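Commentary on secondary and tertiary structure
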Amino acid sequence: METKNEFPNQFHLISHHFHLFHKHKSPLMAELKETYACIPSTERGRGILISGDPKSNSILYTNGRSVIIRYLDRPLQVAVYGEHAYQATVARYSPNGEWIASADVSGTVRIWGTHNDFVLKKEFRVLSGRIDDLQWSPDGMRIVASGDGKGKSLVRAFMWDSGTNVGEFDGHSRRVLSCAFKPTRPFRIATCGEDFLVNFYEGPPFKFKLSHRGHSNFVNCLRFSPDGSKLISVSSDKKGIIYDAKTGDIIGELSSEDGHQGSIYAVSWSPDSKQVLTVSADKSAKVWDISDDGKGKVKKTLASPGSGGVEDMLVGCLWQNDHLVTVSLGGTISIFSASDLEKSPVSFSGHMKNVNSLAVLRRDPKIILSSSYDGLIVKWIQGIGYSGKLERKVNSQIKCFAVVDEEIVSCAFDNKIWRVSLLGDQCGDANSIDVGNQPKDLSLALNSPEVTLVSFETGIILLRGTKVLSTINLGFTVTASAISPDGTEAIVGGQDGKLHLYSITGDTLSEEVVLEKHRGAITVIQYSPDVSMIASADANREAVVWDRASREVKLKNMLYHTARINCLAWSPDNTMVATGSLDTCVIIYDISKPASNRITIKGAHLGGVYGIAFTDEHSIVSSGEDACVRVWGITPQ
């Protein structure tokens, strides 16, 4: 499956067209309109090291195997690099902004261009374990990387084009969490880590010069000032120590007066080298004035927006141009203004994990709700982007959810079906019912939405509100189900690929017919909005559109995915069906034309597509394993 260079460079990102890979000329084409980006992957008790490029005003962070490029002044413009084979950990722009070096948990560094489809320049296996930090030399010729060496070296510096070592880095006994390159001559490299040490190396070729044990806990981050005069290190001991960058001597500390009350996870210098920004597990960010003699005193404490829970601990920061960027453990990115610290920050968030369900509220503008299995529901406004998280009183996990008329119905792995009222931006009262079996699929009768069909391993459950009408064992392994909008018909798909149609009267089901065409377990079934057709898809990569009245196949040979189909959706005008698959593709079929006239969006989501919906006749929203949500425009060619 070819998914190389899924996204072109950031300058052509929005206008890039996903061209079609078949002989027939399709009258339609799909174009990426908006990306609602995932948030940085975070881990309790650890900082994350984000970086950026002041010239393009973009920031870099990682989530899963992806490296995300976001523009601070253009939130919907996002580029994603997805070529790492393992979870990515850190990424940095070269000094000239032309290249990005990114690293992963296997110890590999990839160097790739910021233009021309992210062309790969070099790939080096640098350490034998996870890389936690990397930095370019000021001339862009060398890179230093640090991390976990599994008993071998914990730090390496190498030439960016050949990978040749440029020094020996002895002196650490445990994981090295951060490294830094002095930006002016004479060059120095400083490192720090879990052995509480801060080490200085002179070069090139670099060799050990001296070591400080001024900290009494993990040293999480260190950075040289842009003018090359000072170095600062911050630690889980709540202290910040300032050094003379040339000699390596300790010259001062961040004052404990009004200091942090928790571990300090990251630090970033102001462009003029006179101030630093720090973030801490105490949920605050602080701006410090640093005097010429290396003393630091608090200028301003920036309160973290949020409810004050664990999720609001701050784990990453970046001072770029006039922007002070902070990242919380929950992944919320807040941007403060350095020139107006009283101004409220702009905050945005998103998903950190696989987005497995989507729903569209047909309002103006269109509202998209996306959910991930960790129980997070995010609200997006088409054309604007992030619009907040829906806070539920009980934050249960979500396996599948459906939304209708101001109500969310969801199920997870605890045998419960939840009905939560939706009041504007917030969730109101929640009612749950234990159905006694783990739900597989959930479908609402749209015209009488209190009627819900829930399928489980061997049968189905009919609900009215939060009351069980009936639990029916069907005698075969159930994998998907759907109920007609008027609540009079149910279709249940089996592991054997058969579709069983039942008529519903009251609380009883009677089998009408069995439709046979699929050669794999049914994964999804959907009625068309006008209820004249049914679309179904299977784990053997095939989709079928049926005529409901005649129960004949209406569109066949929908066999263009290369792996399991996870989701499908109808256009509001009943003319198109879109399918999303584990193969990373979205395929859009026009019902009135042969299946070969499809539109294929390759590499829509790294790791697979799990959610899909039409927002109108001309737009599709998709979501996937990469924790991103994307809006595609369908336009006549």
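On a predicted model such as this, the values are computed, not experimentally measured, just so you know.

Concerning empty space enclosed by the protein
A full pass over the atoms with the stated rule returns three cavities of 30 Å³ or more. Taken as a whole, the largest cavity spans an internal volume of roughly 60 Å³. Residue lining of the largest cavity: Ala285, Ala303, Ser304, Pro305, Asp312, Leu314, Thr326, Ser328, Thr332, Ser334 and Phe336, and that is the complete set. At the level of secondary structure, the elements contributing two or more residues to the lining of the largest cavity comprise strand E27 (323-328) and strand E28 (333-337). Within the lining of the largest cavity, the residues separate by chemical class into five nonpolar, five polar and one charged.

Looking at the packing of aromatic side chains
Tallied over the full model, the rule gives 15 aromatic pairs. Seen from their ring centres, Phe181 and Phe187 are 6.4 Å apart, and the 90 degrees between their planes marks the pair as edge-to-face. Phe187 carries the same exposure label as Phe181, and that label is buried. Between Tyr201 and Phe208 the ring centres are 5.8 Å apart and the planes differ by 75 degrees, which places this aromatic pair in the edge-to-face class. Among the aromatic residues, those joined into a cluster by ring pairs are Phe169, Phe181, Phe187, Tyr201, Phe206 and Phe208. Above the plane of the ring of Tyr71 lies Arg74, whose end atom (NZ or CZ) is 4.5 Å from the centre. Sitting over the face of the ring of Tyr560, Arg598 holds its NZ or CZ atom 3.6 Å from the ring centroid.

Structural notes on the pattern of salt bridges
Note that side chains of opposite charge can pair when their charged atoms are close. A complete count under the given rule lists 25 salt bridges for this structure. Of the charged contacts in the structure, one is a salt bridge between Asp132 and Arg175, with a shortest N-O distance of 2.8 Å. Here the residue Asp132 occupies a position in strand E11 (residues 131-136), and Arg175 occupies one in the loop between strand E13 (155-159) and strand E14 (176-181), the gap between them amounting to 43 residues. The exposure classification of Asp132 matches that of Arg175, with both residues buried. Across the salt bridge formed by Glu202 and Arg188, the nearest N and O atoms sit 3.4 Å from each other. With a gap of 14 residues between them, Glu202 in strand E16 (residues 198-202) and Arg188 in strand E15 (residues 188-193) connect regions that are remote in the sequence. Judged by its relative accessible area of 26%, Glu202 is partly exposed. Look at Arg188 and you get buried, because its relative accessible area is 8%. The network of salt bridges with common partners includes Glu43, Arg46, Arg174 and Glu194.

Looking at the sheet that holds E28
In space, the four strands of this open sheet follow the order E26-E27-E28-E29, with antiparallel pairing throughout. In the strand order of this sheet, the two ends are held by strand E26 (314-320) and strand E29 (346-348), each with one partner. Averaged over all neighbouring strand pairs, the angle between strand axes comes to 15 degrees, with direction disregarded. Bridge count for E27 against E28 is five bridges, and the pairing is antiparallel. Residue pairing in the sheet places Val327 in a bridge with Ile333 of E28.

Brief notes about the side chain of Thr62
Within the secondary structure, Thr62 is located in strand E4 (residues 58-63). Judged by its relative accessible area of 8%, Thr62 is buried. Of note is the side chain of Thr62, whose polar atom sits 3.5 Å from the backbone oxygen of Thr89. In contact with Thr62, other than residues within four places in its own chain, are Pro40, Ser41, Val67, Ala88, Thr89 and Val90.

Side note on the side chain of Ser503
Relative to the helices and strands, Ser503 resides in strand E44 (residues 498-505). Separated by 2.9 Å, the side chains of Ser503 and Ser510 make a polar contact. With near-sequence residues (within four places) excluded, Ser503 lies in contact with Thr488, Glu489, Thr508, Leu509, Ser510 and Glu512.

Re the layout of surface pockets
Considering only enclosed or pocket space, the second largest pocket measures out at about 990 Å³ in volume. Every residue lining the second largest pocket is counted, 36 residues in all, and those nearest its centre are Gly52, Pro54, Gln135, Phe224 and Pro226.

Some details on the state of the cysteines
Applying the stated criterion across every chain, the model contains zero disulfides. Left unpaired, Cys192 is separated from the closest cysteine sulfur, that of Cys221, by 6.8 Å. Cys221 gets classed as buried once you look at its relative accessible area, which sits at 1%.

Some points on the sheet that holds E14
The strand order across the open sheet built from four strands is E14-E15-E16-E17, with neighbouring strands paired in antiparallel fashion. With partners counted over all chains shown, the strands left at the sheet margins are E14 and strand E17 (207-212), one partner each. Here the average twist between neighbouring strands, direction ignored, is 20 degrees. Direction of pairing for E16 relative to E17: antiparallel, over a ladder of five bridges. Looking at the pairing, Val198 lines up with His212 of E17.

So, the pairing of strand E33 (residues 385-389)
Bridging between strand E32 (residues 377-381) and E33 involves three bridges; their strand directions are antiparallel. Looking across to E33, one finds that Trp380 is bridged to Tyr386.

Describing the confidence of the model for the chain
In this model, the chain carries a mean pLDDT of 92, and residues with pLDDT of at least 70 account for 96%. In the predicted structure, residues 1-25 sits below a pLDDT of 50 and forms 78 contacts with residues beyond four places in sequence or in another chain.

Thoughts on the nonpolar core
The biggest cluster of nonpolar side chains holds 28 residues, and the ones touching the most others in it are Val109, Ile111, Val126, Ile131, Leu134, Ile143 and Val276. Contributions of two or more residues to this core are made by strand E8 (99-104), strand E9 (108-113), E11, strand E12 (142-147), strand E19 (230-235), strand E22 (264-269) and strand E24 (284-290). Val126 has contacts with Gly107, Val109, Ile131, Ala145, Arg156 and Phe158, leaving out every residue within four places of it along the chain. Within the second largest apolar cluster, 23 residues are counted, among which are Ile50, Ile59, Val325 and Phe348.

Thresholds, definitions, all that
- Residues numbered from 1 in each chain as written.
- Predicted model: local features only at pLDDT ≥ 70, side-chain atom pairs only at ≥ 80, totals over all residues.
- Heavy atoms only, no water.
- 1 Å grid on protein atoms, 1.4 Å probe; cavity = no way out; pocket = protein on both sides within 12 Å on 5 of 7 lines; lining within 4 Å.
- Points joined across faces, edges and corners; volume = space filled by probe spheres on them.
- Helix = DSSP H or I, 4+ residues; strand = E, 2+ residues; numbered from the N terminus.
- Nonpolar A, V, L, I, M, F, W, Y, C, P; charged D, E, K, R; others polar.
- Phe/Tyr/Trp six-rings, centres within 6.5 Å; stacked < 30°, edge-to-face > 60°.
- Buried < 20%, exposed > 50% of the residue type's maximum accessible area, 1.4 Å probe, protein only.
- Lys NZ or Arg CZ within 6 Å of the ring centre and 35° of its normal.
- Salt bridge = Lys/Arg side-chain N within 4 Å of Asp/Glu carboxyl O.
- Pairing = 2+ DSSP bridges.
- Axes fitted to C-alpha atoms, helices over the stretch in contact; angles between N-to-C directions.
- Polar contact = N/O pair within 3.5 Å; in protein donor to acceptor, adjacent residues only side chain to side chain.
- Contact = heavy atoms within 4.5 Å.
- Disulfide = S-S within 2.5 Å.
- pLDDT = per-residue confidence, 0-100.
- Core = buried A, V, L, I, M, F, W, Y, C linked by side-chain atoms within 4.5 Å.

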